[in-house]
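# Breakdown of the fold
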Amino acid sequence: MISIEDLKLKYKRAILASQKLYADRRGKDTAGAVRYTKGKIVEDITKDIIKIAWSKISSDEDRLRMDKKKIVIKTNDEVYKLSQDINVYIDDELRVSVECKSYTEVAMYKRVLVDASLLKQAVPTINSFFIVQLENFLGGDYGKDIEAKGSESVITLNRLFPEVNTVVITLLDGDRDINKPLHKPEYYKPLRDERLNYAIEQFRKAMLIDQNIKKGVIREPFDKYKKILMTYPDAKLLRRERKVVDRAQKEKIRKGTKDLTTIESKVTEIDVSGIANKIICGDSEIILKEFPDNFVDIIITSPPYNFGLEYKDDKNKDAIYWRDYFDKLNRIWRECHRVLKPAGRFCVNVQPLFSDYMPTHHIISKQLLELGLLWKAEILWEKHNYNCKYTAWGSWKSPSMPYLKYTWEFVEVFCKESHKKAGDPTKIDITGDEFKKWVYAKWDIAPESNMKKYNHPAMFPEELVVRLLKLFSYQGDIVLDPFNGVGTTTLIAHKLKRRYIGIDISEEYCRTAEQRLKDEQRQVRLF
Ligand SMILES: C[S@@+](CC[C@H](N)C(=O)[O-])C[C@H]1O[C@@H](n2cnc3c(N)ncnc32)[C@H](O)[C@@H]1O
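Just so it is clear, the model here is predicted, and its values are computed rather than measured.

## So, the overall build of the protein chain
Along the backbone of the protein chain there are 16 helices and 15 strands. Going through the 527 residues of the protein chain one by one, you find that 32% of them count as buried. Sequence separation of at least 24 residues holds for 73% of the intrachain contacts in the protein chain that already meet a minimum separation of 6.

Laid out in structure tokens, this is it:
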């Protein structure tokens, strides 16, 4: 396997070659050749970075493939052939697209975003777009900071293309200075470990999402994309919103809940020191009855699915008569609603049991609406869980009873009384970049990979809780999970400086939840 040292050596050799090319120019114009050499260096190094990043996810090198074949995209009657410097395939699905540049100008960045947006619509399996540049020419902090935020123009452009998840990696420190070109020996800049490691980590994260995807049928991407050519109106390209005349007046007539942004009820602050930061073992329906009214800021939970999973201490084996299941949940929701503060948020992760034709997410949403909660959002948690993609069609190749497959779950978000939850601005911990990405309500997050380790059959991943907490709550808030399992919610609440309460019926799960918190506290003490 290639090491970071190999990469640095490769870079040094390549830069020396471009310096030699420049020194030997003898009056010939070699600018193009020098630029080409630099672009090629970035491409070569990036491929190695991707290989190293992949080795941190899987030891199976065959699952990773890279090429730069053109991808054909159809817009109305025109055909647009799009070439990226590196197409990264995992299990033969195109997942990451990379542009390699000696440097990038804002105009080029704009072009890259337009291409990426077209590509994303034509090839929905792509989840990240990278620009890897040798030196920064985009303004902002790319040449200075490793975890850069970008210049104002870059941030604005990113906001215009929310569907494109772009990562800009700058390999060398400092901005590009036309008067100090790298191909003159006196301006040589080294490739530093810190920047390389950052690049590896960004690619690792982008590819991690695919680690659970099983090897599918091998097919050539070119043919595949030819078959799914897309047609869409040009207006979509320009992101024009359809104009509504008298929007405000029409909203008034419709009487939606948009204007509910203030709290009418009188609530007195109570001392919660006896309840907060606890894992409690028992039936939520009973435990919650002991809690006061209006003190929880946010509930994040995932109820037992009634799928027949093997939860510990569950004599019913997670399979009871649906009516009894929903009645039980409703009694627990009623208590959740009571303990939730006005303006508090309620996020429920649900996976319907499609094979029972049971639309659990609709039924639970109806229950919560009937309790008086306001519907705020629906997040589509795309797990890319293709495990059973090629089987169980119901009626194969016949409309008599086709059975559809789903690779995602839902998170339904509700709030109590008001859509707006005011809070201390110094307790906000979401970054601009995170906000911009996460308000786009389709979240690509790989399923939890530690279920075996924690001996729990239905955990949600930490990242899901991180996003919900940062997007919907403030530091110091009280977080409740009435179906806490092995404590993913409580662990992340603690890590993100919120107070937590976790309830689960299984003693074993509660012990694990406590242990995860203790391990986290010990680790923090060590560092
Ligand atoms: C889908 S799991 C939640 C897993 C959790 N999100 C995690 O990441 O570990 C549902 C949990 O609800 C628990 N449970 C089932 N009925 C319960 C009840 N009446 N009160 C409290 N917990 C219950 C189960 O033991 C199970 O751990």
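## Looking at the packing of helix α10 (residues 322-339) against helix α11 (residues 360-370)
Between α10 and α11, the least distance of the axes is 10 Å, while the angle of their chain directions is 40 degrees. When the interaxial angle is binned, α10 and α11 end up oblique. In this structure, α10 crosses over α11, and the sense of that crossing is right-handed. Residue-level inspection shows Phe 326, Leu 329, Asn 330 and Trp 333 of α10 in contact with α11, the latter providing Ile 363, Ile 364, Gln 367 and Leu 368. Tallied by class, the residues present in the contact of α10 with α11 amount to six nonpolar, two polar and no charged.

## What to know about the sheet that holds strand β11 (residues 374-382)
Sheet strands associate in pairs through backbone hydrogen bonding, adopting either a parallel or an antiparallel arrangement. Read from one edge to the other, the open sheet built from eight strands follows the order β8-β15-β14-β9-β10-β12-β11-β13, with strand pairing classed as mixed. Single-partner strands in this sheet number two, and they are β8 (278-281) and β13 (442-444). In this sheet, neighbouring strand axes are inclined to one another by 20 degrees on average, regardless of whether the strands run parallel or antiparallel. Here four bridges tie strand β14 (residues 478-481) to strand β15 (residues 499-504), and the two strands are oriented parallel to one another. Bridge pairing in β15 places Val 479 opposite Tyr 500.

## Quick notes on the nonpolar core
If you look at soluble globular proteins, the nonpolar side chains tend to sit buried side by side. Counting residues in hydrophobic clusters, the biggest one holds 52 residues, and the most contacted among them are Val 296, Ile 299, Cys 336, Phe 346, Cys 347 and Val 479. Setting aside residues up to four positions removed in sequence, Cys 336 forms contacts with Leu 288, Ile 299, Phe 346 and Pro 482. Core analysis: the next-biggest nonpolar cluster, separate from the first, contains 50 residues, Ile 50, Val 96, Leu 172 and Leu 196 among them.

## Some details on the site of the ligand
The full set close to the ligand counts 19 residues, and Ser 284, Met 459, Phe 483, Gly 485 and Thr 488 are the nearest of them. When contributions to the shell around the ligand are tallied by element, the ones reaching two or more residues are α9 (284-287) and β15. Residues belonging to the shell around the ligand are distributed by class as follows: 10 nonpolar, six polar and three charged.

## Quick word on helix α16 (residues 507-526)
Relative to the 28 Å expected for 20 residues at 1.5 Å per residue, α16 spans 29 Å between its end C-alpha atoms, a close match to the ideal helical length. Within α16, the full set of buried residues consists of Tyr 509, Cys 510, Thr 512, Ala 513 and Leu 517. Within α16, the buried residues cover an arc of 165 degrees as seen down the axis, which keeps them to one side. Along α16, exposed side chains directed more than 90 degrees from the buried face belong to Glu 507, Lys 518, Asp 519, Arg 522, Arg 525 and Leu 526.

## Topic: the packing of helix α14 (residues 462-472) against helix α15 (residues 488-495)
At a minimum axis separation of 9 Å, α14 and α15 run at an interaxial angle of 50 degrees. One finds that α14 runs oblique with respect to α15. The handedness of the crossing between α14 and α15 comes out as right-handed. Only Thr 488, Thr 489, Ile 492 and Ala 493 of α15 make contact with α14, whose side of the interface consists of Glu 462, Val 465, Val 466 and Leu 469. Broken down by class, the residue content of the contact of α14 with α15 amounts to five nonpolar, two polar and one charged.

## Examining the sheet that holds strand β5 (residues 93-101)
Taken in spatial order, the five strands line up as β1-β4-β5-β6-β7 in an open sheet, and their pairing is mixed. Because the sheet does not close on itself, it has two edges, and the strands there are β1 (64-67) and β7 (166-170). Along the sheet, successive strands turn relative to each other by an average axial angle of 20 degrees, direction set aside. As paired elements, strand β6 (residues 128-133) and β7 share five bridges and run parallel to each other. Each residue of the ladder has a partner; that of Ile 131, found in β7, is Val 168.

## A look at the environment of Asp 318
Position of Asp 318 relative to the elements: it lies in the loop between β9 (296-301) and α10. We classify Asp 318 as partly exposed; it has 16 C-beta atoms within 10 Å. Residues Asp 318 and Pro 304 lie 14 residues apart in sequence; the distance between their C-alpha atoms is 6.9 Å. Contact partners of Asp 318, with chain neighbours within four places excluded, come to Pro 304, Tyr 305, Asn 306, Phe 307, Gly 308, Leu 309 and Tyr 311.

## Digging into unusual backbone geometry
Although it is not a glycine, Asp 91 adopts a positive phi angle of roughly 50 degrees. The topology assignment puts Asp 91 in the loop between β4 (86-90) and β5. By C-beta crowding, Asp 91 is classed as partly exposed, having 18 other C-beta atoms within 10 Å. Residues other than glycine seldom take positive phi values, yet Glu 417 does so here, at roughly 70 degrees. Its location among the elements puts Glu 417 in the loop between β12 (408-415) and α12 (432-438). The exposure class of Glu 417 is buried, given the 20 C-beta atoms found within 10 Å.

## Concerning the environment of Leu 172
Relative to the helices and strands, Leu 172 is located in the loop between β7 and α5 (193-208). The spatial distance from the C-alpha of Leu 172 to the C-alpha of Leu 134 is 5.7 Å, given a sequence separation of 38 residues. For Leu 172, the residues in contact, after removing those within four places along its chain, are Leu 134, Glu 135, Lys 189 and Leu 191.

## Topic: the environment of Ala 422
Of note, Ala 422 is situated in the loop between β12 and α12. The exposed category is assigned to Ala 422, around which 11 C-beta atoms lie within 10 Å. In this structure, the C-alpha to C-alpha distance between Ala 422 and Tyr 474, residues 52 residues apart in sequence, is 9.4 Å.

## Thoughts on the confidence of the model for the protein chain
Taken as a whole, the protein chain shows an average pLDDT of 85; of its residues, 90% reach a score of 70 or greater. Segment residues 210-241 is flagged for pLDDT under 50; beyond a separation of four residues in sequence, or across chains, it makes 45 contacts in the model.

Rules used in this analysis
Residues numbered from 1 in each chain as written. Predicted model: local features only at pLDDT ≥ 70, side-chain atom pairs only at ≥ 80, totals over all residues. Helix = DSSP H or I, 4+ residues; strand = E, 2+ residues; numbered from the N terminus. Buried ≥ 20, exposed ≤ 12 C-beta atoms within 10 Å, placed from the backbone. Contact = placed C-beta atoms within 7 Å. Axes fitted to C-alpha atoms, helices over the stretch in contact; angles between N-to-C directions. Parallel < 35°, antiparallel > 145°, perpendicular 65-115°, else oblique. Left-handed = near helix turned anticlockwise from the far one by under 90°. Nonpolar A, V, L, I, M, F, W, Y, C, P; charged D, E, K, R; others polar. Pairing = 2+ DSSP bridges. Core = buried A, V, L, I, M, F, W, Y, C linked by C-beta atoms within 7 Å. Near = placed C-beta within 6 Å. Expected span 1.5 Å × (residues − 1). Arc of directions from axis to C-beta. pLDDT = per-residue confidence, 0-100.

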